[in-house]
Amino acid sequence: WGQVQWHYLHIEAPDWIVANTLLPHSQTSWNFSGASAENLSRFFLAAGVPLETVERWLKDTRAIISGPDATTVFPDVEDVVNLGMATRCAIYQELAKSPLNEYFANPIYILDRNVDEWIGLRKVRPEIKALITKLAYQRGEVLCFSDLSVLMHYAKGDAEARDLAKLGTRKRAIMAYLHVTQADDIEKLESYWSAAYRRKDVLPILESVAQLPDGGRVGLSHLMTAQARKLIYTYPTLDLATAGRLPDCHWTTFNYFSYHPQNIYLDLRLAANRLMEGYDKVAPPYRYGDALVFLNKDGDAIHSCVYLCDELVFTKNGESISAPWIISEIQDVRRLYSHLGFGGLQGYRRRWEQEER
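Let me sum up the structure you'll find in this document. Remember, it's a predicted structure, so these values are computed and weren't measured experimentally.

Thresholds applied
Residues numbered from 1 in each chain as written. Predicted model: local features only at pLDDT ≥ 70, side-chain atom pairs only at ≥ 80, totals over all residues. Heavy atoms only, no water. Pairing = 2+ DSSP bridges. Helix = DSSP H or I, 4+ residues; strand = E, 2+ residues; numbered from the N terminus. Axes fitted to C-alpha atoms, helices over the stretch in contact; angles between N-to-C directions. Phe/Tyr/Trp six-rings, centres within 6.5 Å; stacked < 30°, edge-to-face > 60°. Buried < 20%, exposed > 50% of the residue type's maximum accessible area, 1.4 Å probe, protein only. Polar contact = N/O pair within 3.5 Å; in protein donor to acceptor, adjacent residues only side chain to side chain.

## Re the sheet that holds strand β1 (residues 3–11)
Remark on secondary structure: sheet strands pair via backbone hydrogen bonds, oriented parallel or antiparallel.
Move 1: Taken in spatial order, the three strands line up as β1-β8-β9 in an open sheet, and their pairing is antiparallel. Bordering the open sheet on either side are β1 and β9 (216–219), each of which pairs with just one other strand. Here the strands of the sheet are splayed against their neighbours by 30 degrees on average, with no regard to which way each runs.
Move 2: Alignment of β1 against strand β8 (residues 171–180), held across nine bridges, turns out to be antiparallel. Directly across from W6, in β8, lies its bridge partner A176.

As C-alpha cells, then:
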C-alpha cells in the first residue's frame, strides 16, 4: 500500500446538527426494566449505595416512578456526583442493558488516555472539565461518560448547554496520508488502491502525485470510494433515516463500494446474507476493501468495518447521530467493543469474479 503517515484528530458534530438535536433533561433519570422497588433496593445496596440514600430514592414518591415495564429513579445531582467509582460502574453497567437509558446504553467513548487529552485545547470551563473527569468511568477497555444530564444542570445558559451537547459528540479519529515518490513501485500502488484495477478512478491522482519532482502526499480519503469520500469525517443527518433507522456499521461496510447505498443492509439478516453470498473468508494479511467482522465469544457479529491499510479501517462505531464515519485503528475499534466479550476478528473478501461474470 506504500508509505502511510497519519496522526490523531478530534471531530465534533457541526452546530446545525446539535441545534436540531434534543438536549437531555438536567434531571438525571435511571430506568430499570422489569425491576421492583425491593429488587432495586437489594441491587443498590450490593453496589455500595448507602442505606439512607437507597431509602430516600425508593420511598420518596417524587424520586421514583414504578410502571408495568420499568421503574425509574430520579437521583439528585449531588447523589450522582458523589457515587464511588465501583458503585458508579456497577449501576451504569446495569443501566446500559436497557435502551431506555440512552446515554448509558450508548455512552460517550473516550479513546484517549484521559479526559484532559480528549478535550485538548478545546474551550471548556475548568469546573466542567473537572466534573467530567470525576464522572468518567471504565467500561471494558475504554473510558466512558454518561452523565450529560449532570452537565446540563451545571450549564450557565442555553449556549453552554448546547456547547456541552456538542462536546458529547467529540470523537478521536485519524487523518492519514499516502506519501508517494518516484522511487515507489507505482504499479503496485495502483493495483492495491484500485482493488486490482476494479476502481480506476483513483489512478489519475496517484499518477499525478508520483510525477512531482520530490514526490508528494495525498489524503487517504481521496483514495477511498465515492460513497466513503462523501461520508468521511461527517455525522449522520436525519434525512438518512428514511428507512426508519440511521446507518450503522454493517450499512457502512456493505455499501463501501456502492455509488448508491442500499438500505437493505440496515436489516442484520440481509447484511449477514450479503456476507455469506458475496464474500469469502480470508486470513491476514488483509487487503484494501476487505470486510472485517468483530465477533463476541459466542461467535456472533458485534461490529464490522472496512480494511484500508496498515491496521487502519473505515468505520462507523454505532448507529446514533453522534457516531461519525471515521478512519480508526483496528485496536481502537476492538477496545470499543471489548465490554461485549471480544472473541476474534474474521476477514472477508468480496467475490469480484462472481460479480464480473
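What follows continues from the structure just given.
## So, the sheet that holds strand β7 (residues 142–145)
Move 1: The sheet built from three strands is open, its strands ordered β5-β7-β6 with antiparallel pairing. Each of the sheet's edge strands pairs with one partner strand only, and the pair in question is β5 (108–110) and β6 (137–139). Here the average twist between neighbouring strands, direction ignored, is 45 degrees.
Move 2: Strand direction decides the pairing type here: β5 and β7, joined by three bridges, are antiparallel.

## With respect to the packing of aromatic side chains
Move 1: In total, this model carries 22 aromatic pairs according to the counting rule given.
Move 2: The interplanar angle of 90 degrees and the centroid separation of 5.3 Å between the aromatic rings of W30 and W57 together place this pair among those described as edge-to-face. Of the two residues, W30 sits in strand β2 (residues 30–33) while W57 sits in helix α3 (residues 51–59), which places them 27 residues apart along the sequence.
Move 3: Take W30: its relative accessible area is 0%, and that puts it in the buried class.
Move 4: On the accessibility criterion, W57 (1% relative accessible area) is buried.
Move 5: Taking the centre distance of 5.0 Å and the plane angle of 85 degrees together, the rings of Y256 and F257 count as edge-to-face.
Move 6: Here Y256 falls in the buried class, since its relative accessible area comes to 2%.
Move 7: Accessibility expressed as a relative area gives 19% for F257, which makes it buried.

## Some thoughts on the side chain of T72
Move 1: Take T72: it is sitting in strand β4 (residues 70–73).
Move 2: Residue T72 is classed as buried on the basis of its relative accessible area of 11%.
Move 3: Polar contacts involving the side chain of T72 include one to the side chain of N31, which spans 2.6 Å.

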